[in-house]
Amino acid sequence: MGKTFLQLKSMEEARRLLEAFSPLPRTEQVTLREALGRIPAEPIETPEALPAFNRSLMDGFALRASDAASAKETAPVFLDLIGQVQMGLAPRQSVGPGQAMAIPTGAMLPSGADAVVMVEHTRPIGPESIEVCRAVAPGQHILGRGEDLAQGTRILPAGRRLTPLDLGALAACGLVTLSVCALPRVAILSTGDELVDPDEKPGPAQVRDTNALTLAAQVTQAGGQPLRLGRVPDDASALLNATGKAVEQADMVLLSGGSSVGVRDHTTTVLDKLSGGKLLLEGIALSPGKPTLLADIGGKPVFGMPGHPISSFVVFHVLVASLLRRMSGAHPPWKKQGLRGRLTENVESAPGRESWLRVRLEETREGWSVIPVRGGSAVYSSLAHCDALLRLPAGLEGHAAGDEVEVEVLR
Ligand code: AMP
Ligand code: MG
């Protein structure tokens, strides 16, 4: 063992340091088919009015409201039925006084008509006339041209991730390509002489590299593009070389493992050297996740992530993800999936550190039960049962069984 982490920074300080990194200026054009989850680079305005023509909102009859202003059940109004509007075709007839045309939902209102009476409020009188039994007001059951969205209306702000519903609204306006923020490229490098690829059979004393895969998936979920650059041996000059190359290719770099204070841990030295002394973080008051490093290399954030799989996962979730979202152009950058429930057991935090506990969720008649999952940061078994994370701020000793808490859902 060489040195120890003397300068643990608080999570507040760590988050503040991340503010130094800016959103990326790059944008690109994508088609609607590729746009799910992407972030519009500029506010989007509709190029066309919606609907493009006056449409019926009901199945019924198009008429002149003044003809049926006095209609009621006991004194119905008779109208001549002059035809039927076809879906997708502009009506060829016009509706005159005392006349009506059958019209389906969504069809174009014929000229002359200014309202639609629902079919339920009429009675057929032979093939060529109907009885209207309810009074009708002008504009009733009609969505007028541009009434949904006038041309030039701002429908989506910049910076908000596109949902399936957003894609539908854009398609309705004929916006089939759009300018979105480029995905931040995040290089991922694993260190550790004990590691092999997940599809290899580990030799004695070897383990599979799982962090590279998990981190890449977390990057994708947070709106980045992972660049998996493979593994580097526990060798200072190899790490220096590989990290330098990673920084050139990427907007952010994650180095997995080697961030601690063991004799084979070279990340601190390498980051210090490449950043010219701008090692911003050397250990955080976080549990799990104390051995986390951050350097500013040419304006790019380079993280030394803890090797323990659970710690690596938590550090990404609580620190890296919000920076990545902000770099990707998303604002607000942090999306929380909170859920309230009651603890089934007492929980304690690590003294002086912000703690993130793994919990399982169970739905009961009284609401959600929050069940702590025990296990160190080196064991996968605890993650397999983990549905959510519970944050205990530094300074809070813990919670008692029965306390209501808010957790962050992971699934
Ligand atoms: P380190 O941070 O390099 O000291 O590693 C701490 C622990 O995490 C050791 O038990 C490593 O074997 C393990 N570890 C490091 N990197 C990985 C990885 N990429 N996948 C799985 N386990 C890892
Ligand atoms: Mg290691």
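Residues numbered from 1 in each chain as written. Chains lettered and ligands numbered in written order. Predicted model: local features only at pLDDT ≥ 70, side-chain atom pairs only at ≥ 80, totals over all residues. Heavy atoms only, no water.

### Here we look at helix H2 (residues 164-172)
Here comes step 1: Along H2, the residues that are buried comprise Asp166, Leu167 and Leu170. Considered in projection along H2, the buried side chains sweep an arc of 100 degrees and stay on one side of the axis. Relative to its buried face, H2 has exposed residues pointing more than 90 degrees away, namely Pro164 and Leu165.
Here comes step 2: In the core, the buried residues of H2 are packed alongside strand E2 (44-45), strand E11 (154-156) and strand E12 (177-181).
Here comes step 3: Looking one or two places after H2, you find Gly174, whose phi comes out positive at around 80 degrees. (Buried < 20%, exposed > 50% of the residue type's maximum accessible area, 1.4 Å probe, protein only. Helix = DSSP H or I, 4+ residues; strand = E, 2+ residues; numbered from the N terminus. Arc of directions from axis to C-beta. Contact = heavy atoms within 4.5 Å.)

### A closer look at the packing of helix H3 (residues 211-221) against helix H6 (residues 309-327)
Here comes step 1: In the contact formed by H3 and H6, the axes pass within 10 Å of each other and the chain directions differ by 25 degrees. Taken together, the axes of H3 and H6 are roughly parallel relative to one another. Read as a crossing pair, H3 and H6 show a hand that is right-handed. Residue-level contacts link Asn211, Thr214, Leu215, Gln218, Val219 and Gln221 of H3 to Pro309, Ser312, Phe313, Phe316, His317, Leu324 and Arg325 of H6.
Here comes step 2: Of the residues belonging to the contact of H3 with H6, the class tally is six nonpolar, six polar and one charged. (Axes fitted to C-alpha atoms, helices over the stretch in contact; angles between N-to-C directions. Parallel < 35°, antiparallel > 145°, perpendicular 65-115°, else oblique. Left-handed = near helix turned anticlockwise from the far one by under 90°. Nonpolar A, V, L, I, M, F, W, Y, C, P; charged D, E, K, R; others polar.)

### Regarding unusual backbone geometry
Here comes step 1: Residue Pro288 follows Ser287 across a cis peptide bond; omega there is -10 degrees.
Here comes step 2: Relative to the helices and strands, Pro288 resides in the loop between strand E19 (286-287) and strand E20 (293-297).
Here comes step 3: Cis geometry is found at the peptide bond from His331 to Pro332, where omega equals 0 degrees.
Here comes step 4: Locating Pro332 in the fold gives a position in the loop between H6 and strand E22 (338-343).
Here comes step 5: The phi angle at His141 is positive, at roughly 60 degrees, despite the residue not being glycine.
Here comes step 6: Here His141 is to be found in the loop between strand E9 (129-132) and strand E10 (142-143).

### Some words on the environment of Leu383
Here comes step 1: With respect to the helices and strands, Leu383 occurs in helix H7 (residues 381-384).
Here comes step 2: Separated by 153 residues in the primary sequence, Leu383 and Gly230 have C-alpha atoms spaced 24 Å apart.
Here comes step 3: With sequence-adjacent residues up to four places away left out, Leu383 is seen in contact with Ile310, Arg358 and Arg411.

### A closer look at the pattern of salt bridges
Here comes step 1: The final tally for this structure, using the stated rule, is 15 salt bridges.
Here comes step 2: Arg231 is the partner of Asp197 in a salt bridge, and the nearest nitrogen-oxygen pair spans 2.6 Å. Here the residue Asp197 occupies a position in the loop between strand E14 (195-196) and strand E15 (207-208), and Arg231 occupies one in strand E16 (residues 225-232), the gap between them amounting to 34 residues.
Here comes step 3: Note that Glu354 is salt-bridged to Arg391, the shortest N-O span being 3.3 Å. (Salt bridge = Lys/Arg side-chain N within 4 Å of Asp/Glu carboxyl O.)

### Side note on the sheet that holds strand E13 (residues 185-191)
By way of backbone hydrogen bonds, the strands of a sheet pair with one another, either parallel or antiparallel.
Here comes step 1: Pairing is mixed in the open sheet, where six strands are placed in the order E16-E13-E17-E21-E20-E18. Lying at the two open borders of the sheet, with one neighbouring strand each, are E16 and strand E18 (279-282). Each adjacent strand pair in this sheet contributes to an overall mean axis angle of 15 degrees, direction not counted.
Here comes step 2: The sheet contact formed by E13 and E16 spans six bridges and is parallel. Within the sheet, the bridge partner assigned to Ser190 lies in E16 and is Arg231.
Here comes step 3: On the sheet, H3 packs against E13, E16, strand E17 (252-256) and strand E21 (300-305) and is oriented at approximately 165 degrees with respect to E16. (Pairing = 2+ DSSP bridges.)

### A closer look at the domain arrangement of the protein
Here comes step 1: Taken domain by domain, the protein comprises domain 1 (11-26 + 183-327), domain 2 (27-50 + 150-181), domain 3 (55-143) and domain 4 (338-409).
Here comes step 2: Distance between the C-alpha centres of domain 2 and domain 4: 39 Å. (Domains from an automatic or database assignment.)

### Looking at the sheet that holds strand E4 (residues 60-63)
Here comes step 1: A sheet is described by the order of its strands in space; here six strands give the open sequence E7-E4-E6-E5-E9-E8, paired in mixed fashion. Only two strands of the sheet have a single neighbouring strand rather than two, namely strand E7 (115-118) and strand E8 (122-125). Neighbour-to-neighbour, the strand axes of this sheet turn through a mean angle of 40 degrees, independent of strand direction.
Here comes step 2: In this structure, E4 lies alongside E7, joined through four bridges in antiparallel fashion. Considered in E7, the bridge of Gly60 is made with Met118.

### Let's talk about the nonpolar core
For soluble globular proteins, nonpolar side chains are generally found buried alongside one another.
Here comes step 1: In this structure, Met252, Leu254, Phe303, Met305, Phe316, Leu319 and Val320 are the most contacted members of the largest nonpolar core, which totals 36 residues.
Here comes step 2: Within the residue set of this core, elements represented by two or more residues are helix H1 (11-18), E13, H3, E17, E18, E21 and H6.
Here comes step 3: Lining this core are residues from two domains, each supplying at least three of them: domain 1 (11-26 + 183-327) and domain 4 (338-409).
Here comes step 4: Beyond its immediate sequence surroundings of up to four residues, Leu254 is in contact with Val186, Ala187, Ile188, Leu189, Leu215, Val219, Phe303, Met305, Phe316 and Val320.
Here comes step 5: Core analysis: the next-biggest nonpolar cluster, separate from the first, contains 17 residues, Val253, Leu279, Ala295 and Val302 among them. (Core = buried A, V, L, I, M, F, W, Y, C linked by side-chain atoms within 4.5 Å.)

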